[in-house]
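# Structural features, examined
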Amino acid sequence: MSRTETLELLIEIQEAIEHFETRIDEAAWSNAFGIGLEFPTIAKKNTHNIIIYGMCIGRLKERFTKQLNTLK
């Protein structure tokens, strides 16, 4: 993989991390102020999704670090 391809991949990974962070913010907002406040099943699903999104972010950060180390 060339340096340019690695840099492009790093950008894609960073964008994916930002996407999941946005999804976490939306689910947390829904639980605090939105429909999750009124329906416990939706709040439970949002809480579960927040956990899953956090795991995805962790995995993406590992991938980011691995790819970053290949540039050095």
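Please read all numbers here as calculations on a predicted model, not as lab measurements.

### A word on the overall build of the chain
Within the chain, the secondary structure is distributed over two helices and zero strands. On C-alpha atoms alone, the chain measures out to a radius of gyration of 16 Å, which is more than a quarter above the 11 Å that the 2.2 N^0.38 rule sets for 72 residues. For the chain, with 72 residues in total, the buried portion stands at 28%. If you take every contact in the chain between residues at least 6 apart in sequence, the share linking residues at least 24 apart comes to 67%. Of the roughly 5,400 Å² of accessible surface on the chain, a fraction of 60% belongs to carbon and sulfur atoms.

### Quick word on the nonpolar core
Counting residues in each nonpolar core, the largest one holds eight residues, listed as L9, I13, I17, F20, I24, Y53, I57 and L60. Going through the elements one at a time, α1 (3-32) and α2 (40-71) are the ones with two or more residues in this core. When residues in this core are grouped by element, the largest group, five residues, is from α1. Those residues in contact with L9 that sit more than four places away from it in its chain are M1, R63 and Q67.

### What about α1?
For α1, with 30 residues, the first-to-last C-alpha span of 44 Å sits near the 44 Å given by 1.5 Å per residue. Along α1, the positions that sit buried rather than exposed are T6, L9, L10, I13, I17, F20, I24, A27, S30 and N31. Buried residues in α1 make contact with α2.

### Here we look at the packing of α1 against α2
Running from amino to carboxyl end, α1 crosses α2 at an angle of 160 degrees, the nearest separation of the two axes being 9 Å. Considered as vectors, α1 and α2 are oriented roughly antiparallel to each other. The element α1 and its partner α2 pack so that their crossing is left-handed. Taken together, the residues that form the contact of α1 with α2 break down as 20 nonpolar, nine polar and five charged.

Conventions used here
Residues numbered from 1 in each chain as written. Predicted model: local features only at pLDDT ≥ 70, side-chain atom pairs only at ≥ 80, totals over all residues. Heavy atoms only, no water. Helix = DSSP H or I, 4+ residues; strand = E, 2+ residues; numbered from the N terminus. Rg over C-alpha atoms; globule rule 2.2 N^0.38 Å. Buried < 20%, exposed > 50% of the residue type's maximum accessible area, 1.4 Å probe, protein only. Contact = heavy atoms within 4.5 Å. Areas by Shrake-Rupley, 256 points an atom, 1.4 Å probe, with all protein chains shown as cover. Core = buried A, V, L, I, M, F, W, Y, C linked by side-chain atoms within 4.5 Å. Expected span 1.5 Å × (residues − 1). Axes fitted to C-alpha atoms, helices over the stretch in contact; angles between N-to-C directions. Parallel < 35°, antiparallel > 145°, perpendicular 65-115°, else oblique. Left-handed = near helix turned anticlockwise from the far one by under 90°. Nonpolar A, V, L, I, M, F, W, Y, C, P; charged D, E, K, R; others polar.

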